[in-house]
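Remarks on the overall topology
Residue-level listing of the chains:
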Amino acid sequence: MRYFVNKKVKYLFCRESGGFVKLRGIEAGKLNSYFYEAGPLTNTEAARRRVLYGANILEVHVTRVIVLVLRLASNPFYVFQIFSCSLWYADEYYYYASAILVISIGSLAVTTYITRKMERALKRTVHQFGSASVRREGATHTVLPTELVPGDIIELPRSGCVMDVDAVLLCGTCIVNESMLTGESIPVTKTPLPNPANSDMVYDAKHHSKHTLYCGTQVIQTRYYSDQPVTAMVIKTGFMTAKGGLLRSIMFPKPVDFRFYRDTYMFILVLACMSFLGMIYTLVLMIRSQYDAGLIARRVLDLVTIAVPPALPAALAVGTLVSQYRLKRRASIYCIIPNYINIAGSINVVCFDKTGTLTEEGLDLQGLLPVDGDRFGEFTQDTRNMLDNSDTKATMACCHSLTYIDGELSGDPLDVKMFEATGWQLEELGEESNRYDMIMPTVVRSTAKTEDATPEIGILRQFTFSSALQRMSVVVKNLSRPSFDLYAKGSPEMISSLCRAETLPSDFSDRLAKYTSKGYRVIALAHRQLSHTYAKLQKVDRSDVEVEMDFLGLLVMENRLKVETTPVISELNRANLRTVMVTGDNILTGVSVAKECGIVPEGKQVILITAHEKLVDGVRTESTLEYHRDVKTFSSSASQPTTALL
C-alpha cells in the first residue's frame, strides 16, 4: 500500500487514475441498507482496517523548543535584526545593539513559551479517555476508544457518553448536546437511519445529519426498545471525524493573503530602494575620498539600518505578546499562531447571527393571531383560555420536540414557551431511557375540567425541524377523533405555500408585514386531517403529508436584544467596521432588529427587492426589475419569489 500523510490526512495511490486520492470513510457512496446489512467485524477485518485508517487518535504534537525558536527566528524581521546587531557591534555601537538584542531574545523566549503553552492546552482538550463497547466475533467487548475502526458496531451506554467517533445511529434514539459543533446548547434528538424497503437512497452526511452522531458531541441520554441496546456503526475515526476536522483547521489554518502584509512588504521595499540609492551615493563619495575599505563597508551598510527602523521587529513582537496575553486573560481565547493577531486587526467586516447572538436565547410569547373565516380574527394574548378542542391550541401543544431530561422539560426555547402558553401537560410513558418505539411515547393533555376539554393527544411521529424545509410537523392521534391528524409549524412563507389557498386569510401579507416590521418573530400554524392507516404513517415521507393543509393562524413571539448588543455594534461602527446580520428569519424581522441595534443606521433607506421566476410553456425565463426612486418594494407575479435587500 502506497500512501502519504499531509496535515493529518492520508492519501492513497490509485492505480486507475495513476495518482494519489484522499482516503474516505466507509460511508462514501453506500446505500442506507448497507448499514443494516453489514454485521459486526471480525478481529482480522478490524486489524486490516486499523492498518488502513490508523488508530482512532487525535494526536496533537507539542513543537520542540529548538524547532519553534528556529521557525520564529527565520522571520525576515528577526534576520534583519541579527544583521543590524552584528553591524553595530562591528562598529562598536554596543549599548543600543545590546538593548535591541536583549529585547529580541526576550520576545523570542516569551513567544516560544506562550505558543508551547497554547499547544499543550490544545492537546489536553482533545485527550481521549474511557472505554467503548463494540460487537466483534459475535460478542460484545469492552475496548479503548483508540481501537475502534470504521465499520465497528458500538453500543451506547444508557447514561450517555462523549462520542469518540462519527457514527450512524441504527437502533434506539439519542438526546445529544452538539454545542461543540454548532455552539447551540439545545438538546437534539437523533433517530435511527431510515431504511425504506427496496430503496436506493444513498447515505449523505449533510442530508442525514439527524441520524448521525458526531465525534466530540455529548450523548446526554439514550432511549431503547425493551432490552435492546442503542447501537451505531462507526463511519469515521481520528482526524477524519467532525472533531478531527475542526482540530485540523486550528492546527493547519488556510493561508491568508491580507492587504496588511502586502502593504507592509511594499513599505519595506520602498525603504529598501531609498537606502539602496543612499548606499550608492555614499559609496561613490567615500571611494573618492579614499576612506578605508572596512569603514566604507560599515557606513554603507549602516544606511540600511537607518532607512528601515531596527526597533520595528522588536516593537511588533512586544505588541503581539501583549495582545496574546490579554486575549487569554480577558476572553480565554487561545492563539497558537501569534501572527494572526495582526491579521485580526485588518478585519473590516464582522458578521453576526441573530437569534442567540444579537438577541436573547429565550423568546416571549406575545400572542396568537387566529384565522376567522376569510380574514384574521382578534389578536389574543391569553392563549390559555382558548378552546381546548381547537386545532390551533392542539398544534401549540403537540408540534414540538420537547422531552424530559432528569425530570426537566428540555428543548428549543421557542417550543418551551409555546407549550407553556397552552397550560397543558406533557407526559412521557415509561422510564426515561425506555421510551423508544412505543406506540405513543409522548402524550399531551389539557388540565381543564370543562366539557370541551380534549381528553388527550398522543404524538405518534415527529418530522423534525429542518432549516432547509423551514418547518416541522407531527402526526398525532386525538382520542376523541376517529382519524389521525398532522400539525405543522414553520415560517409563514413556507407554511402558506403548503396550505390550501381558500384557507389563507385575505389580509395575510398585510398582517404578517405589520408584526415582522416591528421585529417580532412570527410562526405559522397549520393542520391536516389524514386518512392514512397507522402502518402507512410509520413509513410515509413527510413530503406526502405536508401538503394541502389548512392554515390556522400566526404565533407572534418577541426576541429581545441582549443588553450588550447595541454597545458592541456602536463600538464597531465607531471603528468604521462594517457590521452584517445573518439570519433565516423573515426579512422584515431582520431589518427591524438591525435598525434597533444600530446595524442599519437611523434614517437609512432600506430597499426590499423581490424577484420572481416566470414560466413560459414550462420553460424558466428571467424577469426584469425596474428601479423607481419613489418605490421601496419591487415585485412581479409568480409563485416562488426570491427576496434581497439593498
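Residues numbered from 1 in each chain as written. Predicted model: local features only at pLDDT ≥ 70, side-chain atom pairs only at ≥ 80, totals over all residues. Heavy atoms only, no water.

Observations concerning the overall build of the protein
Applicable threshold: Secondary structure elements are taken from DSSP: a helix is a run of H or I of four residues or more, a strand is a run of E of two residues or more, and numbering for both begins at the N terminus. Two residues qualify as a contact provided that any one of their heavy atoms is within 4.5 Å of a heavy atom in the partner residue. Using the Shrake-Rupley algorithm and a 1.4 Å probe, accessible areas are obtained, with residue cover drawn only from the displayed protein chains.
Counting its regular elements, the protein contains 20 helices and 31 strands. Taking the contacts inside the protein whose residues are at least 6 apart along the sequence as the reference set, 67% of them involve residues at least 24 apart. Surface summary for the protein: the accessible area is close to 35,500 Å², and the carbon and sulfur share equals 55%.

Digging into the environment of Leu68
Mapping Leu68 onto the fold places it in helix H3 (residues 65–73). Along the chain, Leu68 and Ala109 lie 41 residues apart, while their C-alpha atoms are 9.9 Å from each other. Excluding residues within four positions of it along the chain, Leu68 makes contact with Thr63, Thr112, Thr115 and Arg116.

Quick word on helix H19 (residues 565–574)
Operational definition: The buried label goes to any residue with under 20% of its type's maximum accessible area, the exposed label to any with over 50%, and the partly exposed label to all in between, with areas taken from a 1.4 Å probe on protein chains only. This arc is built from the directions going out from the helix axis to the C-beta atoms.
Listed in full, the buried residues belonging to H19 are Thr565, Ile569 and Leu572. Here the buried residues of H19 occupy an arc of 60 degrees about the axis, which is enough to place them on one side. Away from its buried face by more than 90 degrees, H19 exposes Glu571 and Arg574. Summarising the contacts, the buried residues of H19 are in contact with strand E14 (349–353), helix H12 (354–358), strand E26 (578–582) and helix H20 (587–597).

Thoughts on the sheet that holds strand E9 (residues 173–177)
The condition is simple: Strand pairing is assigned whenever DSSP identifies at least 2 bridges connecting the two strands.
The 4 strands are arranged E7-E12-E9-E10 in an open sheet whose pairing can be described as antiparallel. Two strands in the sheet have a free side with no partner beyond their single neighbour: strand E7 (161–162) and strand E10 (188–190). Bridging between E7 and strand E12 (residues 218–223) involves 2 bridges; their strand directions are antiparallel. Paired with Val162 across the bridge in E12 is Gln218.

Digging into H20
Listed as buried for H20 are Thr589, Gly590, Val591, Ser592, Val593, Ala594 and Cys597. After H20 finishes, the residue Gly598 shows a positive phi value of roughly 100 degrees.

Overview of the pairing of strand E22 (residues 471–478)
Counting buried positions along E22 gives 8 out of 8 residues, so the element sits mostly inside the fold. In E22, alternate side chains face the same way, and those of Arg471, Ser473, Val475 and Lys477 on one face and Met472, Val474, Val476 and Asn478 on the other are all buried. Two strands pair when backbone bridges link them, and strand E21 (residues 457–466) and E22 are joined in this way by 7 bridges, in the antiparallel orientation. Bridge assignment links Ile457 to a residue of E22, and that residue is Asn478. A loop of 4 residues connects E21 with E22, the two strands running antiparallel in sequence, and Gln470 in this loop sits at a positive phi of about 60 degrees. Connecting the antiparallel pair E22 and strand E23 (residues 484–490) is a turn made up of 5 residues.

Comments concerning unusual backbone geometry
Even without a glycine there, the phi angle at Gln290 is positive, about 60 degrees. One can find Gln290 in the loop between helix H8 (259–288) and helix H9 (293–307). Look at Gln290 and you get exposed, because its relative accessible area is 71%. Despite not being glycine, Gln470 shows a phi value in the positive range, around 60 degrees.

Some words on the environment of Leu58
Looking at where Leu58 falls in the secondary structure, it is placed in the loop between helix H2 (43–53) and H3. Given a relative accessible area of 6%, Leu58 falls into the buried group. The spatial distance from the C-alpha of Leu58 to the C-alpha of Lys8 is 9.4 Å, given a sequence separation of 50 residues.

Description of the confidence of the model for the protein
For clarity, the threshold we go by: Note on scores: pLDDT gives the predictor's confidence for each residue, bounded by 0 and 100.
Of the residues in the protein, 85% have a pLDDT of 70 or more, and the chain-wide mean is 79. In the model of the protein, strand E30 (residues 633–634) stands out as the element of lowest mean pLDDT, 36, in contrast to E23, which has the highest, 91. Note that residues 432–440 has pLDDT below 50 and, in this model, 34 contacts with residues that lie over four places away or in other chains.

So, a nonpolar patch on the surface
To keep things clear, this is the line we draw: Each patch is built from residues that are more than 30% exposed by relative accessible area and take part in no salt bridge. Like charges join if they lie within 9 Å; nonpolar side chains (Val, Leu, Ile, Met, Phe, Trp, Tyr) join within 5 Å. The salt bridge definition used is simple: a Lys or Arg side-chain nitrogen within 4 Å of an Asp or Glu carboxyl oxygen.
Together, Tyr89, Tyr94, Tyr95, Leu101 and Ile105 make up a nonpolar patch on the protein surface, roughly 560 Å² of accessible area in all. With 4 residues, helix H5 (residues 94–125) is the largest single contributor of residues to the nonpolar patch. Position of Ile105 relative to the elements: it lies in helix H5.

Focus: the sheet that holds strand E5 (residues 139–143)
Overall, antiparallel pairing links the 6 strands, which are arranged E5-E4-E6-E13-E8-E11 in an open sheet. Looking at strand neighbours, the two that pair on one side only are E5 and strand E11 (212–213), the edges of this open sheet.

Focus: the nonpolar core
Heads up, the condition is: Buried Ala, Val, Leu, Ile, Met, Phe, Trp, Tyr and Cys residues that are joined via side-chain atoms within 4.5 Å together make up what is termed a nonpolar core.
Val475, Leu486, Ile495, Leu530, Met549, Phe551 and Leu554 are the most contacted members of the largest nonpolar core, which has 25 residues in total. Going through the elements one at a time, E21, E23, helix H15 (492–498), helix H16 (508–516), strand E24 (521–530) and strand E25 (550–558) are the ones with two or more residues in this core. When residues in this core are grouped by element, the largest group, 4 residues, is from E24. Discounting residues that sit within four places of it in the chain, Leu530 has contacts with Val475, Ser483, Phe484, Asp485, Leu486, Leu537 and Val545. Ala132, Leu148, Ile154 and Val176 belong to the second largest nonpolar core, which has 17 residues in total.

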